[in-house]
Amino acid sequence: MSSTLAEKLWESHLVRREPGEPDLLYVDLHLVHEVTSPQAFDGLRLAGRRVRRPDLTLATEDHNVPTAGIDQPIADPVSAIQVETLRRNCAEFGVRLYPMGDREQGIVHVIGPQLGLTQPGMTIVCGDSHTSTHGALGALAFGIGTSEVEHVLASQTLPLRPLKTMAVTVTGQLPAGVTAKDVILALISRIGTGGGQGHTVEYRGPAVEAMSMEARMTVCNMSIEAGARAGMVAPDETTFGYLKGRPHAPSGAAWDEALAHWRTLRSDPDAVFDREVVLDAATLTPYVTWGTNPSQGGPLGGVVPDPASFADPGQRAAAEKALAYMGLAAGTRLRDIRVETVFLGSCTNGRLEDLRAAAAVIQGRRVADGVRMLVVPGSMRVKEQAELEGLHEVFTAAGAQWRSAGCSMCLGMNPDQLRPGERSASTSNRNFEGRQGRGGRTHLVSPPVAAATAVAGRLASPDDL
Amino acid sequence: MEKFTEHTGRVAPLRRSDVDTDQIIPAEYLKRVSRTGFGDGLFAAWRSADPDFVLNRAQHAGATILVAGPDFGTGSSREHAVWALQDYGFRAVLSPRFGDIFRGNSLKAGLLTVIVPAATVEDLWARADRDPAGEVTVDLVAREVRYDGVTVAFELDDHTRWRLLNGFDDIGLTLRHSDAIARYEAARPGWLPRIPGPAPAARGA
């Protein structure tokens, strides 16, 4: 029987299947961070359980860590306790941890692929919804809650009910200046925040095949914003080229053996998906959000919509609430919206290519008066490489702040936050109310749009400069 | 996990769709390392900014069943959202559609999330406005929501229902199959990555 890639990965990780019970799936890699793990380790201690496979578990500090002055102790005492708790738990249970200041530290979804730990065909989980990022390499990867974190620590498995499958085919070729971020924002705008609910999405088609590994990560990262638990791209030469030579990638004969297996990881030609969506890449333009969920967005060339234009009463009410929160009037040209802060970073757009794309726009220009721009590399390795290429000098010469790695202003658990009413253009993944700081107003954008916006002081694409 | 069999209580009508987990509990409240004390953070921004927010209205004080619009619990995987709802006193949440991870978390932690038609949500919202003291019964045994002589059946798979009715811990159930896990592990390909860990510190006291 023909099957989809997601179904193949599911079946190949089956530990146990009994009628009337959820499937028990094996987890190949469990990533851990400081926010969603303390209660899980407590649970283990209370029950006298150990971590079954510390060798398949990796921890890092990312959500709370400051991105400036990282040689100093964490100033926020509550954040410091949470980070210290992770350090104690990892030491007690024998889990490898990359702490703040370590050369390998970074956002959990940036360091997994970077270390070569994320490989095709694997199952990967983390107490973080953006675990879907790892699907870009052809893994089945999804976010879990803390109860499940404890379950995986104790058993290296999860009881799960099969997910439905969705194919998102992106045909044609992306026009110049249109990025992976615009593809995923356009998709979410089209199918809604619940459109992928209960599904694993497989992204395919010529525009996806043409994407770099990092661009695919951006797309898969935001699958959860369409409600999908996981997103994936079948591995191909781009994937294998990305993996080869990475610290945890197989080498020698093991590489050949792995490669032979990876080449089999594709949906069968006649596989049937529960739902199919087609996007034409050629019709896409830079996308920005105007509202308070990631589906409330549109082309940068457009205007803030009139809530009355929504036929669905729920969507209409949501748009009214969003405009009130965002302080926007219907009919306003998106290009006329002024911002005070630009954030370049996060697990969505904090990788080297993202920094390069933004630097190319900002090179030789200045961040507008009254605008602050934070550039936060997704990992210390990204920071190191960017500095080798001189990107940090491009940003600082333009007046932007060059920081150390962490989740930073994507969710404002560290000191990088918006003030009430402050408006940002952000390359992160969520424009929820208060996400970047209580009362803050977020417009989601791609890295080139973020850079152009910083220069213009209002939402702009590089072509506007 | 706390058992759930049947619960009768009053309704808090949350007239919103797309209530993401950042709204249920903002990130600034996620720094605690315990499982308790998250009630203060529940809908913290809305509670502080809007005197007319449903949880600020006296007539809905003590409500234990939250009734919300579609796509409740989208976004972040934070189980703190479930703990905050429970800590505040909610036993069940009714919505036409839930975020996947939130739903999974709730059913692990003993907060019953019930998928009901949009019309039922509208009806319960209107009824809560009209009669804030009116009670609703969520019956997991019969898989029914009942109020005012209305009965709305809901679906929940037998296994999850059985686990909730008994308050069983998933981990305990899974570890009965340690042999199957070990057999699977023995057959895993050798090229898969392994992470050398630090030497475990001495356990126990």
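Residues numbered from 1 in each chain as written. Chains lettered and ligands numbered in written order. Predicted model: local features only at pLDDT ≥ 70, side-chain atom pairs only at ≥ 80, totals over all residues.

Student: Any details on the overall build of chain B? Residues and values, ideally.
Tutor: In terms of helices and strands, chain B carries eight helices and seven strands. By principal-axis analysis of the C-alpha atoms, chain B measures approximately 65 × 40 × 35 Å. Taken across its 205 residues, chain B has 43% of its residues classed as buried. (Helix = DSSP H or I, 4+ residues; strand = E, 2+ residues; numbered from the N terminus. Buried ≥ 20, exposed ≤ 12 C-beta atoms within 10 Å, placed from the backbone.)

Student: Account for the sheet that holds strand S1 (residues 14-16) of chain A, naming residues and giving values.
Tutor: Residues and elements named next belong to chain A. Ordered by their spatial adjacency, three strands build an open sheet running S1-S2-S8, and the pairing between neighbours is antiparallel. Two strands close off the open sheet at either side, each with one partner strand: S1 and strand S8 (157-160). Ignoring which end each strand starts from, the neighbouring axes of this sheet average 40 degrees apart. In this structure, S1 lies alongside strand S2 (residues 23-26), joined through two bridges in antiparallel fashion. Its bridge partner lying in S2, Leu14 is registered against Leu25. (Pairing = 2+ DSSP bridges. Axes fitted to C-alpha atoms, helices over the stretch in contact; angles between N-to-C directions.)

Student: Before we move on, could you go through unusual backbone geometry and cite the residues and values that matter?
Tutor: A negative phi holds for most residues other than glycine; trans holds for most peptide bonds. Notably, Ser408 of chain A is not glycine yet its phi reads approximately 55 degrees, a positive angle. Judged by local crowding, Ser408 of chain A falls into the buried class, with 33 C-beta atoms found within 10 Å.

Student: How would you sum up the packing of helix H6 (residues 180-191) of chain A against helix H8 (residues 213-221) of chain A? Please name residues and give values.
Tutor: Helix-helix packing is characterised by the crossing angle of the two axes and by the distance between the axes. Residues and elements named next belong to chain A. At a minimum axis separation of 8 Å, H6 and H8 run at an interaxial angle of 20 degrees. Judged on the interaxial angle alone, H8 and H6 are roughly parallel. As for the relative orientation of H6 and H8, their crossing is right-handed in sense. Two secondary-structure elements touch here, H6 through Ala180, Lys181, Val183 and Ile184 and H8 through Ala215, Thr218 and Val219. Looking at the contact of H6 with H8 residue by residue, the class counts come to five nonpolar, one polar and one charged. (Parallel < 35°, antiparallel > 145°, perpendicular 65-115°, else oblique. Left-handed = near helix turned anticlockwise from the far one by under 90°. Contact = placed C-beta atoms within 7 Å. Nonpolar A, V, L, I, M, F, W, Y, C, P; charged D, E, K, R; others polar.)

Student: Account for the nonpolar core, naming residues and giving values.
Tutor: Membership of the largest hydrophobic core comes to 192 residues, with the highest contact counts inside it found for Ile362 and Ala454 of chain A together with Leu85 of chain B. No other element matches the eight residues that H6 of chain A contributes to this core. Not counting residues within four places of it along the chain, the set of residues in contact with Ile362 of chain A comprises Val394, Phe395, Ala398, Ala451, Ala454 and Val455 of chain A. (Core = buried A, V, L, I, M, F, W, Y, C linked by C-beta atoms within 7 Å.)

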